[in-house]
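A structural walkthrough
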Amino acid sequence: MNHTRNTRREFLTGTAAFSSLVLGGCTRQPSPSGAASDASAPTGPADVTLHIGPVLADIAKEHVISTMGYNGTVPGPLLRLREGVPVTVELFNDTDGPELVHWHGQIIPAAVDGASEEKSLDVPAHGHIRYQLTPQPSGARFVHTHVMPMADLSRGTYSGQFAFVYIEPKNNPGRYDQEIFLATHEFEPFFGAEEMEEESGNESEAMEHKEREARQQQGKANGREIGYQRFTINGKCLGYGDPIRVKERQRVLFHILNASATENIQLALPGHQFQVIALDGNPVPQPRMVEVLELGTAERISAVVEMNNPGVWILGTPKDDDRQNGMGIIIEYAGKTGSPRWIKPPKKQWDYTIFGNNGNAPNPAQTIPLVFGKINGGQGGFNRWTINGKGFDEKAAPTTLHKGQRYRLVFDNQTDDAHPIHLHRNSFELTNVYGKPTSGILKDVVLVKGFKKVEVDVTPAMDGLTLFHCHQQLHMDYGFKLLFDVI
C-alpha cells in the first residue's frame, strides 16, 4: 500500500488495535542487557512495540533497497495515541549498534525523548528497553532515529527509521470524509556537489549586494553535500504501488510529513488547493488555501483538499528531476482511468504568516540571539556549522532557561543554506518571519532561509536538558546544535 488511510468514522471511533506511543514519565532505567532493572518498571503487555532492524523495501519496479526500519516496514507503522492517556513503550534493537528513538514534537521528559545530548535512554545493540509515556500535545507528530551517522550514509535519518505518530485530540469535529498520512523520504544517498537552494518565489527586488557577495564567497569552497537516487512517498516511487483512491466531493484530510534526512521539499496537486489547518500538528489561527505546500526537513502539514476536479492526477514535487525519480503519488477519482496528469504550479513564496494573527506577540522576559554560521570545507571535506561562532561542544555547560519564563529566540541565518530549526520537548510560537510580525502559530520546526531572520517565543513547560539543532542531518552532525537546561 502506498498510503495509510482512515475514514472519518474510523478516526472518530478510534482504533484500539493500533498500538500508539506517547511519552510522559520514564519509570525505569535499563540494565546493561536492556531488561527492566527496578520494581517500578511498567508490567504487562506493552501498548507500543517497535523493533529496530534490517528491512528490504520494495520501492519501485524491480528495485529493492536494504535499510533499517521499524517493525519490518518503511515507513514504520502508524502509531495512533490518545492525548493525555499514558502508554507503555517497548523498544527492541536488532542491530549491532546502540540506537536512539526520538519522539519528535512531544512535550516529554528528557530521559525518554531519545537524544544522547539530553542523556536519554538508548536501546543497546541486540537489547531492549521499556518505559511509560503520556502523549502530548495532540496532532501529527512522528518518531525517528536520533543517531549521528556522520559520513555513514546508511545510518541515522538516511535510513528508513521513521513513522507517523498521530495523537488524537480530546475533541475533534471530524470535518472530513477520508484521512491520509503521507511521508516523503529519499533513498540511496551519495556525496555530490552543492546545489543552491531554489527560492519558491521572487526575492524582493534584489538581494542586497553584500548578501550576493556572501553567497558567491560561500559557494566557492563549500564542502560535501548529499544527493539521492530515489525519492519516495510512503516508501514507494511515483507510479509504483496503489494510488490514493478518492470520490468526487469528498473532503480529504492529508497529514504530510517530510521525513528526509536533508531535503526541504514542495508538493502540489494540480487542479486542487490545500486548505492548511495545522502546522507541525498544531491548529493554525487562520486556515488558508494554497496551491503549493513547502516543508522543511521534519515539518508536518495537515491540510484538507476538496475533491472537485475528477480525473487521475499526480500529487508531487514541482522539481521535475525529483518527481521523475519518484517524488509523487497518484490520486485517482472513482471511475476515472488514464495516464496521471501533472501541471506545473506557479511559483509563489511560502509565507508562514498568512496562517497567523496580525499584530505582535507579548513581550518576552529575555531575548536570546542565535547566529548561524558556516566554516567551509573542514575536516574530511565537510562544512562545519556554528551557533554564535561556536560548534557544538559536548563538554560545554548548557545554556540555562527557567521553566515558565517566556524567551524570544532570534534565528539569524548568516549562511546561504536554508536551515530547518528544531527545538526538542517544546512548541514555539512564531513572532517574526523575515521582518513580518505574527502570532499564534505554534511549531517545533521552522525553515530559516539563507540570510534571513526568524524570531520565535518559547515558554519551557518541563525541566531538564533540551536539544536545539538544525534538522538537516549533515548540518547537525557537524556542529549545528546547542543544549539548553531548563530549571
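Residues numbered from 1 in each chain as written. Predicted model: local features only at pLDDT ≥ 70, side-chain atom pairs only at ≥ 80, totals over all residues. Heavy atoms only, no water.

A word on the overall build of the chain. Along the backbone of the chain there are 4 helices and 31 strands. Across the 487 residues of the chain, 56% fall into the buried class. Summed over all atoms, the accessible surface of the chain reaches about 19,900 Å², with 48% contributed by carbon and sulfur. (Helix = DSSP H or I, 4+ residues; strand = E, 2+ residues; numbered from the N terminus. Buried < 20%, exposed > 50% of the residue type's maximum accessible area, 1.4 Å probe, protein only. Areas by Shrake-Rupley, 256 points an atom, 1.4 Å probe, with all protein chains shown as cover.)

Before going further, it helps to spend a moment on the sheet that holds strand 3 (residues 63-70). Overall, mixed pairing links the 4 strands, which are arranged 3-2-5-7 in an open sheet. Unpaired on one side and paired on the other, strand 3 and strand 7 (128-133) mark the two borders of the sheet. Pairwise comparison of adjacent strand axes, ignoring direction, gives a mean angle of 30° for this sheet. One ladder, built from 6 bridges, connects strand 5 (residues 87-93) with strand 7; its direction is antiparallel. Residue pairing for strand 7: Val87 is matched across the bridge by Leu133. (Pairing = 2+ DSSP bridges. Axes fitted to C-alpha atoms, helices over the stretch in contact; angles between N-to-C directions.)

On to the pattern of salt bridges, then. Evaluated as defined, the whole model comprises 20 salt bridges. Here Asp320 ties to Arg323 by a salt bridge, and the two come within 3.0 Å at their closest N and O atoms. Residue Asp320 and its partner Arg323 are both found in helix 3 (residues 320-324); the two are separated by 3 residues, about one turn of the helix. Residue classification places Asp320 among the partly exposed positions, given a relative accessible area of 35%. Of the residues examined, Arg323 reaches a relative accessible area of 9% and is grouped as buried. One continuous salt-bridge network, built from bridges that share partners, spans Arg141, Asp280, Glu299, Arg300, Lys443 and Asp444. (Salt bridge = Lys/Arg side-chain N within 4 Å of Asp/Glu carboxyl O.)

Counting 67 residues, the largest nonpolar core has Phe254 and Phe411 as its most contacted members. The element that contributes the greatest number of residues to this core is strand 11 (residues 225-233), accounting for 4 residues. Dropping the residues within four chain positions of it, Phe254 is found in contact with Ile180, Leu182, Ile244, Ile301, Ser302, Ala303, Val305, Met307, Leu315 and Ile331. (Core = buried A, V, L, I, M, F, W, Y, C linked by side-chain atoms within 4.5 Å. Contact = heavy atoms within 4.5 Å.)

Right, let's get into the packing of aromatic side chains. As enumerated under the stated definition, the model contains 13 aromatic pairs in all. With centroids separated by 5.1 Å and ring planes inclined at 75°, the aromatic side chains of Phe164 and Phe181 adopt a geometry described as edge-to-face. Of this pair, Phe164 sits in strand 9 (residues 162-168) while Phe181 sits in strand 10 (residues 178-192), placing them 17 residues apart in sequence. Overall, the relative accessible area of 1% leaves Phe181 in the buried class. With a centroid separation of 6.4 Å and 80° between ring planes, the pair formed by Phe411 and Phe428 is classed as edge-to-face. Remark: Phe428 occurs in strand 26 (residues 428-433) and Phe411 occurs in strand 24 (residues 407-413); sequence separation between them is 17 residues. (Phe/Tyr/Trp six-rings, centres within 6.5 Å; stacked < 30°, edge-to-face > 60°.)

Inspection of the sheet shows strand 10 paired to strand 13 (residues 251-258) by 7 bridges, in the parallel sense. Bridge pairing in strand 13 links Phe181 to His255. Two strands pair when backbone bridges link them, and strand 10 and strand 11 are joined in this way by 8 bridges, in the antiparallel orientation. By the bridge assignment for strand 11, Glu186 is matched with Phe231.

With respect to the secondary-structure elements, Leu447 resides in strand 28 (residues 445-448). Setting aside residues up to four positions removed in sequence, Leu447 forms contacts with Asn264, Glu294, Gly296, Glu299, Tyr352, Ala418, His419, Pro420 and Tyr434.

Bringing the sheet that holds strand 31 (residues 481-486) into the picture now. Taken together, 5 strands build an open sheet; the order of strands is 23-31-30-25-28 and the sheet is mixed. Every other strand in the sheet has two partners, leaving strand 23 (399-401) and strand 28 as the edge strands with one partner each. Geometrically, the sheet is characterised by an average inter-axis angle of 25° between neighbouring strands, direction not taken into account. Sheet topology note: the strand 25 (residues 419-423)/strand 28 ladder contains 4 bridges and is antiparallel. Across the sheet, Ile421 pairs through a bridge with Val446, a residue of strand 28.

Across the junction of Val74 and Pro75, the peptide omega takes the value -10°, indicating a cis bond. Note that Pro75 resides in the loop between strand 3 and strand 4 (79-82). Look at the link from Gln136 to Pro137: it is a cis peptide, with omega at -10°. With respect to the helices and strands, Pro137 occurs in the loop between strand 7 and strand 8 (139-145). Phi is positive for Lys119, close to 60°, though the residue is something other than glycine. Of the residues examined, Lys119 reaches a relative accessible area of 68% and is grouped as exposed. Positive phi, close to 55°, is recorded for Asn388, a residue that is not glycine. The exposure class of Asn388 is partly exposed, given its relative accessible area of 42%.

In this fold, His146 is placed in the loop between strand 8 and strand 9. Polar contacts involving the side chain of His146 include one to the side chain of His424, which spans 3.3 Å. Leave out the neighbours within four places in its chain, and His146 touches Leu100, His102, Gly114, Ala115, Glu117, His424, Leu467, His469 and Met476. (Polar contact = N/O pair within 3.5 Å; in protein donor to acceptor, adjacent residues only side chain to side chain.)

We now examine the environment of Ala57. Mapping Ala57 onto the fold places it in strand 2 (residues 48-60). Take Ala57: its relative accessible area is 8%, and that puts it in the buried class. The spatial distance from the C-alpha of Ala57 to the C-alpha of Thr73 is 7.1 Å, given a sequence separation of 16 residues. If sequence neighbours within four positions are ignored, Ala57 has contacts with His63, Val64, Ile65 and Val74.

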